[in-house]
Amino acid sequence: MVGKGVTIDWKLRPKKCGKRCYVDNDRISQLPDAILVTILSFLSMKEAARTSVLSSRWINLWKDFPRLDFDAESALLKIARDYELHGEESGKYVEWVNRVIQSHKATTLKEFRVCFDLSRSVKNSITQWLEFALSRHVEKLELDFKTKFENSGCEDTHYNFPEKFLKHPSQSSSINFKSLKALSLKCVNVTGEAIEFFLRNCPSLEKLVVTYTSKLSNLEVCGPSLALKHLDLRFCFRLKSVKVSAPNLISLTVPKVEGLLLENVPALVELSLILTIPYRAVKKKLSTLSCCISQLEILYLNLDSKVKLCCCDSTRSDGQVKNTVKFPHEHLKVFKFCGYYGRSSDVELVWCILENCVALEKLIIDP
C-alpha cells in the first residue's frame, strides 16, 4: 500500500516449513497498536479502513484513526452531472458518516471534515457529527456544505451552527473547544456572536475560515491574547464592517465591506481585499491601512466588476493622475491588480504602487 509517499510491504501469510510448522513473517502486525495506528495515519481514511480485511490483528485498528476526512468527490461529480441524483447520493453520504462515527473508538481527533452538498434537511445528523467531533477534542474541524444555492446567499438552505454549543458548557458537558486549532465553516450560517465565542473559548485557535454565510453583519476580531494567525472571510453577503486587533495575525482576507479597521496587527504580512468603492477613492482606502501597509509582503486587491461599469472616470487629467499618495514601502514583493480596465484611475493606482514599493518583484495585471 502507498499513502503520501509511504510504502508498506504487507507480508501477512505465514510461511510453511513442514506439515504443521509455520514461521510468522508478519513483523509489522507484531508492533504495538499505537505504532500501527501511526502507520495508518499516512493513508487516507478509506485506505485505512480497508486494512481491516488483512487479518484479525488489523480488524479494529482503523477505528482509532485520528483523522476523519469524509471526502466524497466522486459522488459530488455525479451530482454535478445530474442533480436528480442528489437525494440518493446525500442519503448514502449521511449513512457513511453515521456508520463510521458509531464504530470509531479514538478518544481524541486530529481532524474531522465533512464535505458534501447538504442542507438543513439533515441538520439533526450534522449536529450529532459536531457533538461527536467536539467531544473528542478535535484540533481541526471543517464543515463544507457545498449547496446548489451557495452563490445566492440563500440562508434558508444553509445549516445553522447550533446555539446550544455556544453556551458556556457545564463541567459535566462533553463538548470541548480548547483543543481546536483550525475551524472552517463553509455554507454554514454563523453569527458574529458565534465567531466571538470561538475566539474567547478556543485559546489554541490559529486559523478561522468563514465563507458563504448571510448571518454576519458587524464583526470584531479583537483580543491581546488571541492566538489567531489566519483569518479568511469570503462571500459574507451582509457583512458591513470588520474590526481586527490580533497581535499574531499573519494573513487576512476580507470581503467587500463598508468599514474596515485594523489595529495592533504587527505580524500581518498578507492582506486580501475586495474593493467596491469608486476608483478615485482607492488611495483613500489604502490610507486606512496605514498601521500595516509598510509591513505587508503580499497585497491582493480585487476591484469588483460592478464598479467598473458605473465608475467611468476617463475625463481626469494627467496632472491628477500623477498626484499620488506617498507611503514608502520596503516589504511588498507581489502586487496583483484584478479588474484592471485601463482608465486613468487604474493607471494612477499602478504608478502609486510602483513609486512607493521599492522591493516589488512581481506586478500582475488581471484585466
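Remember, predicted model here, so these are calculated numbers, not experimental data.

## Quick word on the environment of Gly259
Here Gly259 lies in strand β16 (residues 259-263). The class for Gly259 is partly exposed, based on a relative accessible area of 24%. Spatially, the C-alpha atom of Gly259 lies 6.5 Å from that of Lys240, the residues being 19 residues apart in sequence. Not counting residues up to four positions away in its chain, the partners in contact with Gly259 are Lys240, Ser241 and Val242.

## Focus: unusual backbone geometry
Backbone geometry places His137, a non-glycine residue, at a positive phi of 55 degrees. Relative to the assigned elements, His137 resides in the loop between α5 (123-135) and β7 (140-144). Judged by relative accessible area, which is 31%, His137 ranks as partly exposed. Unlike most non-glycine residues, Phe235 shows phi in positive territory, near 50 degrees. Take Phe235: its relative accessible area is 44%, and that puts it in the partly exposed class.

## Comments concerning the sheet that holds strand β12 (residues 218-222)
The strand order across the open sheet built from three strands is β12-β14-β16, with neighbouring strands paired in parallel fashion. Lying at the two open borders of the sheet, with one neighbouring strand each, are β12 and β16. Put simply, the sheet's adjacent strands are angled 5 degrees from each other on average, direction ignored.

## A look at the layout of surface pockets
By volume, the largest pocket amounts to about 540 Å³. Of all the secondary structure elements, the ones that give two or more residues to the lining of the largest pocket are β11 (207-213), β13 (230-236), β15 (251-254), β17 (270-275) and β18 (298-303). Considering every element that reaches the lining of the largest pocket, the biggest residue donor is β13, with seven residues. Each residue belonging to the lining of the largest pocket can be placed in one class, and the counts come to 16 nonpolar, five polar and nine charged. Counting residues domain by domain, the lining of the largest pocket receives three or more from each of domain 2 (66-268) and domain 3 (279-367).

## Topic: the packing of aromatic side chains
In total, this model carries 16 aromatic pairs according to the counting rule given. Consider the rings of Tyr93 and Phe116, whose centres lie 4.4 Å apart with planes at 15 degrees: the pair is stacked. Taken together, the residues Tyr93 in helix α4 (residues 86-103) and Phe116 in the loop between β6 (111-115) and α5 connect sequence positions 23 residues apart. Both residues of the pair, Tyr93 and Phe116, count as buried.

Reading guide: rules and limits
- Sequence order sets the numbering: in each chain, residues are counted from 1 along the sequence as written.
- Thresholds applied to this predicted model are a pLDDT of at least 70 for local features of residues and 80 or more for the giving and counting of side-chain atom pairs; totals over whole chains, interfaces and linings are not thresholded and use all residues.
- The side-chain quantities take in all heavy atoms of the structure and omit both hydrogens and water.
- Starting at the N terminus, helices and strands are each numbered in turn, a helix being any DSSP run of H or I of at least four residues and a strand any DSSP run of E of at least two.
- Classification of residues uses two cut-offs on accessible area relative to the type maximum, computed with a 1.4 Å probe and protein chains only: under 20% is buried, over 50% is exposed, and between them is partly exposed.
- What makes two residues a contact is simply this: any of their non-hydrogen atoms within 4.5 Å.
- Strand pairing is assigned whenever DSSP identifies at least 2 bridges connecting the two strands.
- Between the N-to-C directions of two axes lies an angle of 0 to 180 degrees, each axis being a line fitted to C-alpha atoms and, for a helix, fitted only over the stretch in contact.
- With a 1 Å grid spanning the protein atoms alone, the term cavity applies to any set of points in which a 1.4 Å probe fits but cannot get out, the term pocket to an open set with protein on both sides within 12 Å along at least five of seven lines, and the term lining residue to any residue with an atom within 4 Å of a point.
- Grid points are joined across faces, edges and corners, and a volume is the space filled by probe spheres set on the points.
- Each residue is assigned to one class: nonpolar for Ala, Val, Leu, Ile, Met, Phe, Trp, Tyr, Cys and Pro, charged for Asp, Glu, Lys and Arg, and polar for all the others, Gly among them.
- Segmentation into domains, and thus their bounds, comes from an automatic or database assignment.
- Aromatic contacts are taken between Phe, Tyr and Trp rings whose centres are within 6.5 Å, Trp giving its six-membered ring; a plane angle under 30 degrees counts as stacked, one over 60 as edge-to-face, and the others as tilted.

Nothing here speaks to function; it is geometry throughout.
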